[in-house]
Amino acid sequence: MSLAKRRGFVFQSSEIYGGLGSVWDYGPLGVELKKNIKERWWRSMVHERHDIEGLDAAILMHPKVWEASGHVSGFTDPLVDCKHCKNRFRADDPRIKGTPGQPDAQCPVCGSKGTLTAPRQFNLMFKTFMGPVEEQAAVIYLRPETAQGIYVNYLNVLQSSRQKIPFGIAQVGKAFRNEITPGNFIFRTREFEQMEMQFFVKPGSETEWFEFWRAERMSWVKGLGIRDEKLRWHQHDKNELAHYAKDAYDIQYEFPFGWQEFEGIHNRTDFDLSNHQKHAGKKLDYLDPKTNERFIPYVVETSAGADRTSLVVLCDAYREEEVRGEEAADGGEQRVVLKLKPSLAPLKAAVFPLVNKDGMPELAHRIHDDLRRHFNVFYDDGGSIGRRYRRQDEAGTPYGITIDGQSTQDQTVTVRDRDTLKQDRVAAGKVVEYLTQKLAG
Ligand code: GAP
C-alpha cells in the first residue's frame, strides 16, 4: 500500500478531507496498469472471439430491473451492531465469538459481551433519486453488478449483430455495493469495476460450457504472469451460492491476507432472463433457426473485478530482493521491484541520459520522442543512474535505456532488463523494434 501511494498507483479518495471509506483513486501508474488489464480482457473476450459482442450499458437502470433480478429482496448481508462501541459487522464475521443477539457474543472491536444485536438483513445496493423530487417513486439504484445491463439488452445485441446461440456479451464497467465490512485496500471497495461476460447457451449444454469457461478463464489469469502456486479453485457450497446461481467456482489468489476470490464463473441458469420476461411482460425467448425450438437461454457468466485483478497483479509482482552483480558495486544493496509482465507494466521503458552534458540529453530526448509515439515511456535525468534504476524498478518499468558517452560516438544505447539486470547494447535507431519484440505477449 505504501508503494502504491508513494509511486502513484492508488490514492485514498478525498484524502485531504480524511478520506472516504473504502473508495480509492488510481494515480498515473495505477490507471495505466488497470487499463492494460481491462484491454487485455477485452481483446481476449471480444476481439479474439467470433461469438462474443461488446456492450457498454448505463449504470442507472429502470428500478424494476432490480426487483426482477432478485437484488431488491435478495442482495443482502446479515448485519450486526455493537450497542456499546457502535461498530457494525457482518454476522458471519469470523472475529465474532459466540452468537450475535445472545449474551455470550463478544464484540471483536471493544470486547464487550452481550452487546451485539441479533442479525438483520441489510441491502447492499446504493439508492439515489431520479429527477427533482426525492420520493419513493423516484428511487433508483446504482448497479451492483454489470450483468443486468447485458440481460436486458440480450435481444437487442442478438438481433443487431446477427449472432446465434451459443453466443456471449461482454462488458467492462463500474458497479457499486454498500459493503458492510469493506477493506484490505482495493480488495473490497464500495465502488469498483467489473469485467463480465454472459454466455447464452441452449438449456442442457450449460454444464459443458461451464467447464469450457472455467478452463478459459484460468488460462487467461495465468497469462497475466501470476505464479501457479498462488492460484486455486474454490467451489461454492450451498450456503455460499448467490441467489441467482446453481453452481459457482471462484478463482482464488493467495493474498498477503489469505486465499480470496477475484473472479467467479457462475451457472445462472435461465434465472435472470425468465424473471425479466415475467416482470417486463416481454418475450425474451429464442427461436432456434435450425430446430424451430423456442427456449429461454441458460447463462454461464464469467465475472472478474478489474480492481481485484489489479491487486492480484500488484501483489504477485512485488518483491524485495538483494541486488547482485555490477549494480551492487558497493555491496548488498536491497531493492523493491515490481516484476510485472512487461505488457501490463504502466511504463514500458525509461530513458536516462547518463549525465546532463556532452550531447547526451539531446540524443536522449530524440530517443524519448521517438519511443513515446509507440509506448508509454518516461524521461528521467535526476540523480545517480543507480537511483534512477531503483525508481523504475519500483514502478515495474521493464526496460531502462541509458545514453552514455559511447552513445554520442556510435549512436548506440544500453538497454537494461529490470529482472535480470543484464544490459544489451542496441543501435539508437533500433530501440523501437527491440522493445516491440520484447513486449509482445
Ligand atoms: N455478476 C456476478 C457478480 O457480480 P460477484 O462474485 O458478486 O459476482 C464478481 O462479483 C467479482 O467482482 C468478484 O470476484 C470481485 O472481483 C469483484 N467484486 C465484487 N464485489 C467487490 C467489491 N466490493 N470490491 C471490489 N471488487 C468486487
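Structure: above.
These numbers were taken from a predicted model, which means no experiment stands behind them.

Let's talk about the sheet that holds strand β4 (residues 76-81)
Across the sheet, which stays open at both edges, the 3 strands sit in the order β5-β4-β6 with antiparallel pairing between neighbours. If you trace the sheet from one side to the other, it starts and ends with β5 (88-90) and β6 (120-123), each paired once. In this sheet, neighbouring strand axes are inclined to one another by 50° on average, regardless of whether the strands run parallel or antiparallel. Both β4 and β5 contribute to a ladder of 3 bridges, which runs antiparallel. By the bridge assignment, V80 is partnered in β5 with F89.

Thoughts on the sheet that holds strand β21 (residues 399-403)
Strand order in this open sheet of 5 strands is β20-β19-β21-β22-β23, and the pairing throughout is mixed. The open sheet is flanked by β20 (377-379) and β23 (423-427), the only strands paired with a single partner. Along the sheet, successive strands turn relative to each other by an average axial angle of 25°, direction set aside. The pairing of strand β19 (residues 349-353) with β20 spans 3 bridges and is parallel. Residue pairing across strands places V351 opposite Y379, the latter belonging to β20.

Some words on the pattern of salt bridges
By the definition in use, this model includes 39 salt bridges. Residue E193 pairs with K38 through a salt bridge whose shortest N-O separation is 2.9 Å. With a gap of 155 residues between them, E193 in strand β10 (residues 191-201) and K38 in helix α2 (residues 28-47) connect regions that are remote in the sequence. In this structure, E193 and K38 share a single accessibility class: buried. Among the salt bridges present, the one from D285 reaches R294, with a minimum N-O distance of 3.5 Å. The exposure class assigned to D285 is buried, which follows from its relative accessible area of 16%. Look at R294 and you get exposed, because its relative accessible area is 55%. Here the salt bridges do not stand alone but share partners, grouping E321, E327, E333, R335, K339, R390, D393 and R416 into one network.

Quick word on the site of the ligand
In the neighbourhood of the ligand, 19 residues make up the surrounding shell, with E145, E179, T189, E196 and E261 lying closest. Measuring from a nitrogen atom of the ligand, one finds a side-chain N or O atom of E196 at 2.4 Å. Its free accessible area being 550 Å², the ligand has 94% of it covered by the protein chains. Broken down by secondary-structure element, the contributors of at least two residues to the shell around the ligand are β10, β13 (258-269) and β16 (298-305). Its residues placed into classes, the shell around the ligand shows 4 nonpolar, 5 polar and 10 charged.

What counts as what
Residues numbered from 1 in each chain as written. Predicted model: local features only at pLDDT ≥ 70, side-chain atom pairs only at ≥ 80, totals over all residues. Heavy atoms only, no water. Pairing = 2+ DSSP bridges. Helix = DSSP H or I, 4+ residues; strand = E, 2+ residues; numbered from the N terminus. Axes fitted to C-alpha atoms, helices over the stretch in contact; angles between N-to-C directions. Salt bridge = Lys/Arg side-chain N within 4 Å of Asp/Glu carboxyl O. Buried < 20%, exposed > 50% of the residue type's maximum accessible area, 1.4 Å probe, protein only. Near = heavy atom within 4 Å. Polar contact = N/O pair within 3.5 Å; in protein donor to acceptor, adjacent residues only side chain to side chain. Areas by Shrake-Rupley, 256 points an atom, 1.4 Å probe, with all protein chains shown as cover. Nonpolar A, V, L, I, M, F, W, Y, C, P; charged D, E, K, R; others polar.

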